[in-house]
Amino acid sequence: MTTPKGSLLVQDARTRKRNAAEARFKTYGKLAIGVGLLALVILISSILGNGTSAFRQTEIAMNVTLPEAKLDKSGTRDMEVMKKVTTLTYGPILAQGLADTLAAEGIVVEGLTAKDIDAMISREASAQLRDRVLADPSLVGATVAITVLASGRIDGYYKGRVSMESAVLDSNVTPAQLRLADALKDKGLLVTKFNWDFLTAPDASDQRPEAAGLGVAILGSAYMMLVVLVLALPVGVASSIYLEEFAPKNRWTDLIEVNISNLAAVPSIVFGILGLAIFINFAGLRASAPIVGGLVLTLMTLPTIIISTRAALKSVPPSIRDAALGVGASKMQAVFHHVLPLAAPGILTGTIIGLAQALGETAPLLLIGMVAFVREYPAPYTAADGLFGEPSTALPVQVYNWTQRADPAFFERASGAIIVLLIFLLIMNAVAIILRRRFERRW
Amino acid sequence: MPNELHISSAFDRDLEGVQALVLKMGGLVEAALLDAALALESRDDALAAKIRKGDKAIDALEEQINVEAARIIALRAPTARDLRTVLTVMKIAAALERCGDYAKNLAKRSVVLSQMAQVPGAAGAIRRMAKAVQLQIKDALDSLIQRDVALATEVRARDAEIDQMYNALFREFLTHMMEDPRNISACMHLHFIAKNIERVGDHATGIAEQVIYLISGSLPEEARPKADVTSTSDLAGRG
Amino acid sequence: MDDLRIVERDVTTQIPKITARGVDVFYGDAHAIKSVDVDILDHTVTAFIGPSGCGKSTFLRCLNRMNDTIDICRVTGEILLDRENIYDPKVDSVQLRAKVGMVFQKPNPFPKSIYDNVAYGPKIHGLTRNKAELDAVVETSLRRAALWNEVKDRLQSPGTGLSGGQQQRLCIARAIATSPEVLLMDEPCSALDPIATAQVEELIDTLRSQFCVVIVTHSMQQAARVSQRTAFFHLGTLVEFGETGQIFTQPQDPRTESYISGRIG
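What counts and what doesn't
- Residues numbered from 1 in each chain as written.
- Chains lettered and ligands numbered in written order.
- Predicted model: local features only at pLDDT ≥ 70, side-chain atom pairs only at ≥ 80, totals over all residues.
- Helix = DSSP H or I, 4+ residues; strand = E, 2+ residues; numbered from the N terminus.
- Rg over C-alpha atoms; globule rule 2.2 N^0.38 Å.
- Buried ≥ 20, exposed ≤ 12 C-beta atoms within 10 Å, placed from the backbone.
- Contact = placed C-beta atoms within 7 Å.
- Pairing = 2+ DSSP bridges.
- Axes fitted to C-alpha atoms, helices over the stretch in contact; angles between N-to-C directions.
- Parallel < 35°, antiparallel > 145°, perpendicular 65-115°, else oblique.
- Left-handed = near helix turned anticlockwise from the far one by under 90°.
- Nonpolar A, V, L, I, M, F, W, Y, C, P; charged D, E, K, R; others polar.
- Right-handed = clockwise from strand over helix to strand, strands pointing away.
- Core = buried A, V, L, I, M, F, W, Y, C linked by C-beta atoms within 7 Å.
- Expected span 1.5 Å × (residues − 1).
- Arc of directions from axis to C-beta.
- pLDDT = per-residue confidence, 0-100.

Trainee: Tell me about the overall build of chain C, and name the residues and values.
Mentor: A count of helices and strands for chain C gives eleven helices and ten strands. Here the C-alpha atoms of chain C give a radius of gyration of 18 Å, agreeing with the 18 Å that 2.2 N^0.38 yields for 265 residues. The principal-axis extents of the C-alpha atoms in chain C amount to approximately 55 × 50 × 30 Å. The buried share of chain C, reckoned over its 265 residues, is 48%. For chain C, the proportion of contacts with a sequence separation of at least 24, taken over those separated by at least 6, is 68%.

Structure (structure tokens):
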């Protein structure tokens with residue numbers, strides 16, 4: 001069959017159909033990307049919308065008198081005596097301070113009771129004041145200017161959660177308090193400013209969302225990542241090198257390969273059960289310790305590292321190995337002097353991705369008990385509990401925790417914690433990209 | 001030599017080597033020619049015998065040059081000027097080998113002539129002609145080494161003079177033969193000798209033309225100037 | 001003048017450096033090399049030519065036991081280097097490869113600096129005692145590889161930044177840095193342009209005075225240009241082995257003639 005000769009300037013039917021199909025395919029592609037981007041935009045805007053307010057906190061500035069009569073019965077600034085004074089005593093002192101400040105500034109709000117004034121201040125503030133006085137006993141008897149956290153509802157008023165109308169129905173706040181807050185704000189005594197404590201303070205109880213922070217969670221996650229890095233990286237890389245370079249190619253190694261790939265696909269909660277059974281029940285390690293969390297996450301991350309290391313080793317061209325062997329290097333020298341440095345970018349990237357995944361894992365940590373409410377910063381090493389043995393919590397677990405609590409302020413906190421988590425992930429990925437670029441330049 | 005060098009120095013050495021062989025061969029042929037003319041003039045039979053033996057060396061060189069050239073073509077696959085160099089060298093070797101044979105023939109005949117009465121002035125004229133032809137060969141080979149087209153063209157032009165010399169000798173021998181029939185035998189030999197020397201001159205011109213081919217890539221277009229009238233006219237009638 | 005040439009062309013020693021007797025190579029069940037006997041002389045360039053798949057590269061790789069890295073490859077027979085069998089179980093192939101260097105088809109410098117490329121071999125074999133000696137070895141090797149003048153100002157720049165011909169010369173410098181006795185070259189110019197090829201061939205000609213060089217090439221013209229002895233392989237057997245000029249002007253075996261004149265293969 002002879003094809004009729006046609007002009008190049010006129011497209012024949014087949015070409016037109018093909019071009020149309022390609023144009024359609026491109027449109028589908030663009031639509032798919034559009035949908036993905038839309039989802040991403042919605043997700044990020046909702047998180048940012050809910051969470052950025054967690055980084056700001058409302059504070060009240062006031063002058064408070066610290067009466068010696070109440071705070072230091074002995075009059076000698078004896079620590080033992082002063083420690084006996086609990087936060088219950090400090091509470092009214094703070095309330096009095098606020099009342100004095102109102103009087104001094106000439107702020108009058110109708111319908112305001114003494115209880116209202118008291119309730120303006122966060123419960124956390126009395127503990128903070130007590131800590132401050134115990135740290136510096138010379139303050140006793142003086143009048144100091146301090147800033148204290150406003151209570152959760154007042155904070156919520158400035159973040160849109162509480163309004164005059166809802167205050168009428170709310171048992172925790174009255175409209176009078178809101179008016180007082182506005183009056184204080186007008187005088188410049190009440191400000192909403194950036195809250196570093198969100199990142200450094202430990203968790204707080206249900207009644208004090210304004211004081212809740214991520215300090216403990218961040219530390220716990222950091223310890224666990226350290227454990228994962230120190231354990232998973234060498235073990236993963238070493239086993240991968242052995243499998244790729246030294247192991248004989250027979251059915252056993254094939255079996256091992258298949259199983260490692262399968263391990264990567266196992267649901268993470270299974271690793272939690274595994275950790276519970278082995279590390280806590282069998283080995284007797286302490287539940288909710290970062291070491292246990294680290295070990296569980298190591299098991300989870302190991303397949304990822306092994307697989308990415310193998311891929312990186314495979315990508316090194318065999319000509320480099322041949323060249324090394326040709327110069328008279330032994331197999332081990334060839335691997336360690338030449339193949340490994342070339343595979344390093346791939347290995348690093350795989351490790352950091354594995355770490356980033358581990359950072360965000362929640363299910364296994366729940367099972368090994370890292371859900372506890374922990375107020376003290378865990379120390380890296382204690383004689384009693386060993387390395388990373390003190391109980392802690394982790395970032396994703398903290399998010400889970402906070403979303404369980406009733407106060408809508410905690411929801412804001414949870415969103416803020418998600419933002420922090422995302423920032424860490426972004427930083428880790430950026431580090432991965434930078435490191436990869438740096439190593440690849442030398443290729 | 002003004003050529004640029006090859007990256008492979010062995011290639012340069014091979015080409016230089018084969019050209020050196022040609023020069024060596026040329027030297028031998030020039031010497032044979034002059035010596036043969038001298039042997040004729042001085043009636044030196046020992047010298048003539050030596051020249052005849054020496055022709056073997058000239059033939060051996062021609063064979064060696066051919067073997068070398070074949071080797072260069074097989075191993076180096078020369079192109080362009082290199083190829084023309086190798087081809088030219090082979091042709092020049094063949095021409096020089098013929099010249100060597102003529103010199104040998106001259107020596108052979110001089111032995112015969114030394115037994116006969118001398119023809120006055122003949123040996124001198126022959127010697128002068130041999131000298132001129134030797135100069136032709138020398139200049140032709142010089143033009144090869146120096147890659148000098150002008151020199152080669154000059155050699156080509158000078159062939160006319162050689163032809164004139166031959167014409168003059170032809171007439172002279174004819175005259176001698178007509179004067180005294182007893183001279184015929186000697187003059188016949190002398191005539192063949194003169195003819196051979198003239199052929200050597202033609203070969204020298206051929207060498208010069210090959211050199212022009214090597215340098216420019218094509219043989220010269222104008223016919224070489226020919227002044228030999230002996231084959232086209234009857235000189236006997238002009239007494 | 002011609003005497004000099006003839007001396008150059010002749011091999012200056014008749015002492016065999018590598019002697020192979022009855023060498024057979026099997027890839028699994030496939031019989032790749034069939035009972036090859038050959039004597040490779042010292043201070044000579046020996047070329048292996050033949051059509052694709054004739055086994056010349058396989059045989060070359062037997063000479064420094066690079067075939068050991070291939071699991072299914074089995075070598076029988078005897079290969080003597082200076083009268084010692086290199087397949088003797090007591091021989092460590094790593095030590096062997098310091099004596100028998102190799103240059104590959106595609107230039108494969110390490111992704112390190114030029115200095116480190118050349119210094120790697122001497123370092124791992126402990127051939128030098130201090131940095132000064134190592135510097136000297138690097139300079140000598142680069143000079144012998146005709147690369148020194150081009151790179152002496154940038155020894156720390158990466159080896160992969162050089163042109164193709166320079167990279168191959170760097171690989172040659174790397175191979176000769178361990179002062180091997182034999183240099184094996186597996187189609188060293190096939191990835192290079194004609195000028196770089198000519199430079200490498202000229203280099204091989206100068207290396208001949210110090211090493212025994214064996215070169216595998218699929219270009220007969222290259223074998224003709226660069227070698228003094230040529231071995232023609234066909235379907236795993238060594239068909240003819242002799243002086244290069246002889247092989248290319250008057251081959252003895254009709255198969256050789258067919259291959260050289262372009263009738264087979």
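Following the structure, the description resumes.
Trainee: Can you explain the overall build of chain B? Please cite residues and give values.
Mentor: Counting its secondary structure elements, chain B contains six helices and zero strands. For chain B, the α and β elements follow one another from N to C terminus as α-α-α-α-α-α. Taken over the C-alpha trace, chain B has a radius of gyration of 20 Å; the compact-globule value for 239 residues is 18 Å, and the two agree within 12%. The buried share among the 239 residues of chain B stands at 41%.

Trainee: Tell me what's going on with the sheet that holds strand E3 (residues 190-194) of chain A, and back it up with residues and numbers.
Mentor: Residue and element names in this part refer to chain A. Pairing is antiparallel across the open sheet formed by three strands, whose spatial order is E2-E1-E3. The open sheet has two edge strands, strand E2 (143-149) and E3, and neither has a second partner. Recorded for the sheet is a direction-independent mean angle of 35 degrees between the axes of neighbouring strands. Note: strand E1 (residues 56-65) against E2, seven bridges, orientation antiparallel. Pairing of Asn63 across the sheet is with Ala145, part of E2. Contacting E1 and E2, helix H4 (residues 87-105) runs over the sheet at an angle of about 85 degrees to E1.

Trainee: Go over the packing of helix H14 (residues 290-314) of chain A against helix H16 (residues 331-359) of chain A, please, and point to the residues and values.
Mentor: All names here are of chain A. Where H14 meets H16, the axes come as close as 8 Å, and the angle between the chain directions of the two elements is 150 degrees. Between H14 and H16, the crossing angle belongs to the class labelled roughly antiparallel. In this structure, H14 crosses over H16, and the sense of that crossing is right-handed. In contact with Leu297, Met300, Thr301, Thr304, Ile305, Ser308, Thr309, Ala311, Ala312 and Leu313 of H14, H16 contributes Val339, Ala343, Gly346, Ile347, Thr349, Gly350, Thr351, Ile353, Gly354, Leu355, Gln357 and Ala358. Taken together, the residues that form the contact of H14 with H16 break down as twelve nonpolar, ten polar and no charged.

Trainee: Describe the interface of chain A and chain C, and please don't skip the residues or the numbers.
Mentor: Contacts between the two partners involve 15 residues from chain A, matched on the other side by 20 residues from chain C. At the level of secondary structure, the elements contributing two or more residues to the side of chain A that touches chain C comprise helix H15 (318-327) and H16 of chain A. For the side of chain A that touches chain C, the element with the highest residue contribution is H15 of chain A, accounting for seven residues. Of the residues assigned to the side of chain A that touches chain C, the class counts are seven nonpolar, six polar and two charged.

Trainee: Give me unusual backbone geometry: which residues, what numbers.
Mentor: At Ala77 of chain B, a residue that is not glycine, the phi angle is positive and equals roughly 50 degrees. Of note, Ala77 of chain B is situated in the loop between helix H2 (45-76) and helix H3 (80-114). Of note in the backbone geometry, Ser35 of chain C takes a positive phi value of approximately 50 degrees without being a glycine. Note that Ser35 of chain C resides in strand E2 (residues 30-41). Of the residues examined, Ser35 of chain C has 14 C-beta atoms within 10 Å and is grouped as partly exposed.

Trainee: Which residues make up the interface of chain B and chain C, and what are the values?
Mentor: In this complex, chain B contributes 15 residues to the contact, which on the side of chain C involves 14 residues. Elements that contribute at least two residues to the side of chain B that touches chain C include exactly helix H1 (9-42) and H2 of chain B. A total of seven residues in the side of chain B that touches chain C trace back to one element, the largest contributor, which is H1 of chain B. Residue classes in the side of chain B that touches chain C are distributed as eight nonpolar, three polar and four charged.

Trainee: Which residues make up the pairing of strand E7 (residues 182-186) of chain C, and what are the values?
Mentor: Residues and elements named next belong to chain C. Judged by how many residues are buried, E7 sits mostly within the fold: five of five residues are covered. The sheet contact formed by strand E6 (residues 100-103) and E7 spans four bridges and is parallel. Residue pairing in the sheet places Val100 in a bridge with Val182 of E7. Relative to strand E8 (residues 212-216), E7 runs parallel, the two being bridged by five bridges. The residue of E8 that forms the bridge with Met185 is Ile215. Following the backbone out of E7, through helix H8 (residues 194-207) and into the adjacent parallel E8, one traces a crossover that is right-handed.

Trainee: Tell me about the packing of helix H5 (residues 149-179) of chain B against helix H6 (residues 184-216) of chain B, and name the residues and values.
Mentor: Residues and elements named next belong to chain B. Interhelical geometry of H5 versus H6 gives an angle of 170 degrees and a closest axis separation of 9 Å. By the angle between their axes, H5 is roughly antiparallel relative to H6. Of the residues in the contact of H5 with H6, the class split is 17 nonpolar, five polar and six charged.

Trainee: Just give me the short version of helix H6 (residues 123-135) of chain A, but keep the residues and values in it.
Mentor: Buried residues of H6 of chain A: Glu124, Ala125, Ser126, Leu129, Arg130 and Val133 of chain A, and no others. Tucked into the core, H6 of chain A has its buried residues touching helix H2 (68-71), H4 and E2 of chain A.

Trainee: Residues and numbers for the nonpolar core, please.
Mentor: With 207 residues, the main nonpolar core has Ala36, Ala103 and Ala140 of chain B together with Val213 of chain C as its most contacted residues. The residues contacting Ala103 of chain B, other than those within four sequence positions of it, are Val29, Ala32, Leu33, Ala36 and Ile51 of chain B. The next biggest cluster of nonpolar side chains, apart from the first, holds 32 residues, and it includes Met62, Ala95, Leu102 and Tyr157 of chain A.

Trainee: Any chance you could break down H4 of chain A for me, citing the residues and the numbers?
Mentor: The periodicity of an α-helix, 3.6 residues per turn, causes residues three or four places apart in sequence to face the same way. All names here are of chain A. Between its terminal C-alpha atoms H4 stretches 27 Å, which fits the 27 Å expected from 19 residues at 1.5 Å a residue. Buried within H4 are the following residues: Tyr90, Leu94, Ala95, Gly97, Leu98, Thr101 and Leu102. One side of H4 carries all its buried residues, which in axial view fall inside an arc of 155 degrees. Summarising the geometry of H4, the exposed residues directed more than 90 degrees from the buried face are Leu88, Ala103 and Ala104. The secondary structure elements touched by the buried residues of H4 are E1, helix H5 (114-120), H6 and E2. Downstream of H4 by a residue or two, Gly106 has a phi angle that is positive, lying close to 75 degrees.

Trainee: I'd like a rundown of the confidence of the model for chain C, residues and numbers included.
Mentor: All names here are of chain C. For chain C, the average pLDDT comes to 89, and 95% of its residues sit at 70 or higher. Predicted confidence in chain C is weakest over helix H1 (residues 2-9), with a mean pLDDT of 45, and strongest over strand E3 (residues 45-49), with 96. Note on residues 1-7: pLDDT is under 50 here. Beyond four places in sequence and across chains, it has eight contacts. Both scores are given for the predicted complex: the pTM is 0.74, the ipTM 0.86.

Trainee: Any details on the sheet that holds strand E1 (residues 16-27) of chain C? Residues and values, ideally.
Mentor: Backbone-to-backbone hydrogen bonds pair the strands of a sheet. The strands run either parallel or antiparallel. All names here are of chain C. Here four strands make up an open sheet; going across it, the order is E2-E1-E4-E5 and the pairing antiparallel. Strands at the two margins of the open sheet, each flanked by one partner only, are E2 and strand E5 (84-85). Pairing between E1 and E2: eight bridges, direction antiparallel. In the sheet register, Ala20 faces E2, and the bridge partner there is Val38.

Trainee: Can you break down the environment of Gly55 of chain C residue by residue, with the values?
Mentor: All names here are of chain C. Tracing the chain through its elements places Gly55 in the loop between E3 and helix H2 (56-62). Note on Gly55: 22 C-beta atoms within 10 Å, which makes it buried. Expressed as a C-alpha distance, the spacing of Gly55 and Phe233, which sit 178 residues apart in the sequence, is 7.0 Å. Once you skip the residues sitting within four places of it in the chain, Gly55 turns out to touch Ala32, Ile33, Phe233 and Gly236.

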